[in-house]
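Chain residues, written in single-letter form:
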Amino acid sequence: MDANMKETLLKPIFKGNPITVLVLGICSSLAVTVQLQGALVMALSVIIVTGLSSFVVSLLRNTIPNRIRIIVQLVVVAMMVILVDQVLKAFAYSVSKTLSVYIGLIITNCIVMGRIEAFALGNKPIPSLLDGLANGAGYGLILVVVAFVRELLGSGTIFGLRVIPQFIYDAGYVNNGLMILPPMALILLGCVIWIQRSIQKDLQEK
Amino acid sequence: MNTNSNTYTVVYSTILVMVVAAVLAFAASSLKSRQDDNVKAETISKIITAAGLYEDGCDAKTVYSQNLVEAFLVDAAGEPVGKLAEGEVKVTSDLKAENDNIKAGKSVKLPVYKFNVNNEVITVLPCYGAGLWGPIWGYVALKPDMNTIAGVVFDHKGETPGLGAKIATEPWFREQFAGKQIAKNGEVVAVSIIKGGAPKGDINAVDAISGATITSQALDATLKIWLGQYKEYIAKCAQPAGEDCCEDECECETSENQED
């Protein structure tokens, strides 16, 4: 794998993370991070949608009439989102119910359209696929980190399994109800961005 | 080729849309049976939850078929008009169709599920109506006297999370229905959901959810309409608590309709 490919794959995971650096896709990351299971399925769905739509748009990039470019991209993204939604309804019904409208709303996730506009329209299909997958993964990574903290402190569980033992509750510990509410996701996201910026000094504004 | 000409744009978008439509139509039709199974399984787990049979991790379908005494359809006059095949339930879309019939004043075929729960026959009746943002529905389980509520379960399509959505998620809301009665002086009046709190000791009323006025009112109306549709059937079956249920009487009526 040449250096270019590697950069395409790795940059969105940390250095150019779509949530923490580009600050895209915030609204769904607030909504679906109460529990790890939902966050993980959402992450996988977004990875698939960003990867495949970037790939398809890149394949079509030389044929797309410029005036209806955005509409063509939307049609492709919408198709992918509906496919993912249908597959989830068939194979993971309970998860699809918890994620409810948010799967459908992947279409409005700025990461998908953002990467298509910024990358897939000007690059070959394989790098576009990788770029899409990597950006989805960068989004998913943050989702899982936030969901891990929220589920652990908010419900005392990980993937629905109790991890905080009973004797701690007996000693007076209580789950933090605020963790379950969306504002806490925003605060946690702020903390993640803070940590990243203190590691990666070039992101700090002068 | 000039990709910016009008003809090219029109032809391109037409072909694109046709291809996408074909892909989606294929996906939807090939996944349909699995999706329907999921919807059915969920309906079954709701029904047995109302009946008090659901336990975490249990296999809803097995519990359903093991404890089911019978499942059949009745009309507004309380006469049995058909039987449900084994394992068949009326899912939300069926309830919607019946709700349309009720509103249009047409004849209805409403499902009744009877379970044997700890040697008591529990009757589960559905309800369906319009909430604030979308449909709401639920199941009411009645004790053998066909008056006292054994349990309820509600669900919704898209009520406001944290407000109206609480009809499905808040245990206190569901639990306050248990032990309430749907009849007053022999008339089916359903259970009123009262904003600001039900009067103490009112056997026909429960508290509404604060901040969810419209959903609460919608659920109140839904229960009144649907239990009202069942009132003839309930009257036929109602027997004082403790005695053997209407079972025999209903059963022979249904078996007349049944050839095998």
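Residues numbered from 1 in each chain as written. Chains lettered and ligands numbered in written order. Predicted model: local features only at pLDDT ≥ 70, side-chain atom pairs only at ≥ 80, totals over all residues. Heavy atoms only, no water.

**Concerning the overall build of chain A**
In terms of regular secondary structure, chain A is built from 10 helices and 2 strands. From first element to last, N terminus to C terminus, chain A shows the α and β order α-α-α-α-α-α-α-α-β-β-α-α. Here the C-alpha atoms of chain A give a radius of gyration of 18 Å, agreeing with the 17 Å that 2.2 N^0.38 yields for 206 residues. Oriented by its inertia axes, the alpha-carbon framework of chain A measures out at about 65 × 50 × 30 Å. Out of the 206 residues in chain A, the part that is buried amounts to 45%. Considering only contacts in chain A between residues 6 or more positions apart, those separated by 24 or more positions represent 74%. A total accessible area of about 10,100 Å² is found for chain A, and carbon and sulfur atoms account for 71% of it. Charged side chains in chain A number 15 positive and 9 negative. The centres of these two groups are separated by 5 Å. (Helix = DSSP H or I, 4+ residues; strand = E, 2+ residues; numbered from the N terminus. Rg over C-alpha atoms; globule rule 2.2 N^0.38 Å. Buried < 20%, exposed > 50% of the residue type's maximum accessible area, 1.4 Å probe, protein only. Contact = heavy atoms within 4.5 Å. Areas by Shrake-Rupley, 256 points an atom, 1.4 Å probe, with all protein chains shown as cover. Lys, Arg positive; Asp, Glu negative; His and termini not counted. Charge placed at Lys NZ, Arg CZ, Asp CG, Glu CD.)

**Observations concerning the pairing of strand β3 (residues 110-117) of chain B**
Residue and element names in this part refer to chain B. Judged by how many residues are buried, β3 sits mostly within the fold: 7 of 8 residues are covered. Here strand β1 (residues 68-74) pairs with β3 via 6 bridges, running antiparallel. Bridging across to β3, Ala-71 finds its partner in Tyr-113. Bridge analysis of β3 against strand β4 (residues 120-130) gives 5 bridges, and the strand direction is antiparallel. Considered in β4, the bridge of Lys-114 is made with Thr-123. Connecting β3 to the next strand, β4, in antiparallel fashion are 2 residues, including Asn-118 with a positive phi near 50°. (Pairing = 2+ DSSP bridges.)

**So, the packing of helix α3 (residues 36-60) of chain A against helix α7 (residues 110-118) of chain A**
Residues and elements named next belong to chain A. Look at α3 against α7: their axes get within 10 Å of each other, and the N-to-C directions meet at 30°. Taken as axis vectors, α3 and α7 run roughly parallel relative to one another. Crossing angle aside, the handedness with which α3 passes α7 is right-handed. Touching Val-49, Thr-50, Ser-53, Ser-54 and Val-57 of α3 are Ile-111, Val-112, Arg-115 and Ile-116, all from α7. Its residues placed into classes, the contact of α3 with α7 shows 5 nonpolar, 3 polar and 1 charged. (Axes fitted to C-alpha atoms, helices over the stretch in contact; angles between N-to-C directions. Parallel < 35°, antiparallel > 145°, perpendicular 65-115°, else oblique. Left-handed = near helix turned anticlockwise from the far one by under 90°. Nonpolar A, V, L, I, M, F, W, Y, C, P; charged D, E, K, R; others polar.)

**What to know about the interface of chain A and chain B**
How big an interface is tends to be stated in terms of the accessible area lost upon association of its parts. Opposite the 20 residues of chain A that make contact, chain B presents 21 residues. For the pair chain A and chain B, the summed buried surface comes to about 1,900 Å²; carbon and sulfur atoms form 65% of the total. Run the count over chain A and chain B and you get 2 salt bridges. Across the salt bridge formed by Lys-97 of chain A and Asp-155 of chain B, the nearest N and O atoms sit 3.0 Å from each other. Applying the counting rule to chain A against chain B returns 12 residue pairs in polar contact (both at pLDDT 80 or more). At the level of secondary structure, the elements contributing two or more residues to the side of chain A that touches chain B comprise α4 (69-91) and α5 (93-99) of chain A. (Buried area = accessible area lost by both parts, 1.4 Å probe. Salt bridge = Lys/Arg side-chain N within 4 Å of Asp/Glu carboxyl O. Polar contact = N/O pair within 3.5 Å; in protein donor to acceptor, adjacent residues only side chain to side chain.)

**Let's talk about the sheet that holds β1 of chain B**
Residue and element names in this part refer to chain B. Strand order in this open sheet of 6 strands is β2-β1-β3-β4-β5-β6, and the pairing throughout is antiparallel. Two strands lie at the open edges of the sheet, namely β2 (80-83) and β6 (149-156), each paired on one side alone. Across the sheet, the mean angle separating the axes of adjacent strands is 25° when strand polarity is ignored. Along the sheet, helix α1 (residues 6-51) makes contact with β3, β4, β5 (135-142) and β6, crossing β6 at roughly 150°.

**Side note on the side chain of Asp-145 of chain B**
Residue position: Asp-145 of chain B is located in the loop between β5 and β6. Buried charge Asp-145 of chain B goes without a salt bridge, the closest partner of opposite sign being Lys-143 of chain B at 7.9 Å.

**Here's the deal with the nonpolar core**
Residues and elements named next belong to chain B. Counting residues in each nonpolar core, the largest one holds 61 residues, and the members touching the most others are Tyr-64, Tyr-113, Phe-115, Val-124, Tyr-139, Phe-177 and Leu-223. Among the elements that take part in this core, β5 stands out by supplying 6 residues, more than any other. When near neighbours in sequence (up to four residues on either side) are disregarded, Leu-223 contacts Cys-127, Val-140, Phe-154, Phe-177, Ala-190, Val-191, Ile-193 and Gly-228. (Core = buried A, V, L, I, M, F, W, Y, C linked by side-chain atoms within 4.5 Å.)

**Looking at the environment of Leu-24 of chain A**
Residue placement: Leu-24 of chain A occurs in the loop between α1 (3-10) and α2 (26-31). The spatial distance from the C-alpha of Leu-24 of chain A to the C-alpha of Cys-110 of chain A is 5.7 Å, given a sequence separation of 86 residues.

**Things to note about the pairing of β4 of chain B**
Residue and element names in this part refer to chain B. Within β4, 9 of the 11 residues are buried, which leaves it mostly tucked inside the rest of the structure. Two elements, β4 and β5, share 8 bridges in a ladder whose sense is antiparallel. Note on β5: the bridge partner recorded for Ala-130 is Pro-135. Here β4 folds back onto β5, and the loop between the two strands holds 4 residues.

**Side note on the packing of aromatic side chains**
All told, the structure shown has 9 aromatic pairs over all chains when counted by the stated rule. When the centroid spacing of 5.6 Å and the interplanar angle of 65° are considered together, the rings of Tyr-169 of chain A and Tyr-173 of chain A count as edge-to-face. Plain terms: the ring middles of Phe-72 of chain B and Tyr-233 of chain B are 6.0 Å apart, the flat faces sit at 65° to each other, and that makes the pair edge-to-face. In this pair, Phe-72 of chain B is assigned in strand β1 and Tyr-233 of chain B in helix α7 (residues 231-237), connecting sequence segments 161 residues apart. Residues Phe-72 of chain B and Tyr-233 of chain B agree in their burial class; the two are buried. Of the aromatic side chains, those joined through ring pairs into one cluster are Phe-154, Trp-172, Phe-173 and Phe-177 of chain B. (Phe/Tyr/Trp six-rings, centres within 6.5 Å; stacked < 30°, edge-to-face > 60°.)

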